[in-house]
Amino acid sequence: MLHRSCLAVIFALLTTLIAASAQQPAPNNPSPPPQAIPDTPVGHVFKAWFDSFNSGDRAAIDAYVHKYEPDKSVDREMQFRSMTGGFVLLQILKSEPLRLEFLVKEQHSDTKAIGEFELKPGDPAVVANFSLGAIPPGTSTTDLNFKVDAATRARVIDAAIANLNESYVFPETAKQMEDAVRSRQKKGEYDSITDGDDFAKKLTENFQEVSHDKHLRVNFSAAKMPEMPDGPPPADAVAQYHKQMERMNCGFNKVEILSGNVGYLKFDFFADPDVCGPTAVAAMNFLANVDAIIFDLRQNGGGDPKMVALVSTYLFDKRTHLNDLWTRKGDSTDQYWTLPYVSGKRLDGKPAFVLTSKDTFSGAEEFTYNLKNLKRATIVGETTGGGAHPVAGHRIDDHFMIGVPFARAINPVSKTNWEGTGVEPDVKVPAAEALATAQKLAAEKSDAEKPAPK
């Protein structure tokens, strides 16, 4: 939940700090010679992604996603393609039959990124893991070939466990996670792991086997991660974050008026309203005179609770208690309410619908759960992902960090949250059918409210 403190955003901020120094206007240099993609199972799938992504053609990207990564959002791929302009393949760093590590450069800038592509064994091939992260300028191939030794493994395990014991929302679960990982460590289960990404994934898997907490993750960066000083982030990182939000339109992908005067708003994260509030206000003001509104959160991964409150305010005519957040350290509780004022007309009294999928997560689940418990919206789609614990990022060393869930949501109506269970829709349909279903429900409600003919 609440991605402003969530691991996804914190790790993205680290990437932003790296990218802030990496992002420079692309010079008019000749393109590097094309790199040969290995003739291996993973090479074939990687080439299918690379060619479809670089084409910028939605149909080609959709065909790739449908065949190899069915859980991936085509909209997000198209958005990412627009941001980068595609990639130039600079080098194949490691090649195995089912795994590929590579170095690419954005077409729109000099930003370079290291990536990993891994297949699940079986026929047909399916992508098990695909990661891509910016690296700072001047980083050599040798720097990227970072190997984990025994001392590093021990240090990362010790620091991860210490952070969990200090801050994890359930201290007894933190101790259980420690016992489980220490037992594996004593048996030598980590001794053969030399790849940093593999080690981070294994620790994440082992911690989550005990906690079942999808927000808890250990992350690895082959490039050296910047320090995370106390206080506000440096000015160049803030400027880069603003620029990224502008390029992504603050996550707002589509706003339109559908037939029957039904408003439709699709956005994929709840951005910081201090930066993206004007975008949200503009979207809601565009829909000010609709007879019903549909929020499409099927690909929304969460975000800032302040943006949750801002958007929610348009649906209520008076100050409304949305959510509470209890923090373990200090045993403190913060309350979240709708805002006393927003610019433009409100849609209080107008039917509202929220579209969900199994990918709806974190702050997007809070928005959904709040409205469901307040009986302010009809939820249509699939049960959501089930992540209700906000996360703080803790840097372990130059290459590893851990996101520790440090608090839990407490809904003022249900007195609980959606952690581990997700939010059940009111109308359960496959995510692909949610929009059409919501439109039909909106039309039926509109017909029911029309005065009877005289």
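The following paragraphs examine the structure supplied in this document. (Residues numbered from 1 in each chain as written. Predicted model: local features only at pLDDT ≥ 70, side-chain atom pairs only at ≥ 80, totals over all residues. Heavy atoms only, no water.)

In spatial order, the strands read 1-2-3-4; together these four strands make up an open sheet with antiparallel pairing. Because the sheet does not close on itself, it has two edges, and the strands there are strand 1 (87-96) and strand 4 (126-135). For this sheet the average axis-to-axis angle between neighbouring strands, irrespective of direction, equals 20 degrees. Taken together, the nine bridges between strand 3 (residues 112-120) and strand 4 define a ladder with antiparallel strand orientation. Residue Glu118 lies in a different strand from strand 4, and its bridge partner there is Asn129. (Pairing = 2+ DSSP bridges. Helix = DSSP H or I, 4+ residues; strand = E, 2+ residues; numbered from the N terminus. Axes fitted to C-alpha atoms, helices over the stretch in contact; angles between N-to-C directions.)

Quick look at the state of the cysteines now. One covalent bond between the sulfur atoms of two cysteine residues makes up a disulfide. Under the defined criterion, the tally for this structure stands at one disulfide. Linked covalently through their sulfurs, Cys250 and Cys276 form a disulfide whose S-S length is 2.1 Å. An S-S torsion of about -75 degrees defines the bridge between Cys250 and Cys276 as left-handed. Linking Cys250 in the loop between helix 9 (235-247) and strand 6 (252-258) with Cys276 in helix 10 (residues 273-286), this pair joins segments that are 26 residues apart in sequence. (Disulfide = S-S within 2.5 Å.)

Below, the discussion takes up the environment of Gln35. In this structure, Gln35 sits in the loop between helix 1 (7-22) and helix 2 (41-55). Taking the C-alpha atoms as reference, Gln35 lies 6.5 Å from Leu90; in sequence the two are 55 residues apart. Sequence-distant contacts of Gln35, that is, excluding residues within four places in its chain, are made with Leu89, Leu90, Gln91 and Ile92. (Contact = heavy atoms within 4.5 Å.)

It is worth spelling out the nonpolar core at this point. Core analysis: the largest hydrophobic core is formed by 39 residues, its most contacted members being Phe295 and Phe367. Taken together, the elements giving at least two residues each to this core come down to helix 9, strand 7 (262-267), helix 10, strand 8 (292-296), helix 11 (305-313), strand 11 (352-356) and helix 12 (363-373). Setting aside residues up to four positions removed in sequence, Phe295 forms contacts with Leu265, Phe267, Met284, Val311, Leu315, Phe353, Val354, Leu355 and Phe367. Val88, Ile114, Phe220 and Ala223 belong to the second largest nonpolar core, which has 34 residues in total. (Core = buried A, V, L, I, M, F, W, Y, C linked by side-chain atoms within 4.5 Å. Buried < 20%, exposed > 50% of the residue type's maximum accessible area, 1.4 Å probe, protein only.)

Counting through the fold element by element, Ala160 comes out in helix 6 (residues 150-167). Dropping the residues within four chain positions of it, Ala160 is found in contact with Phe207, Ile396 and Ile402.

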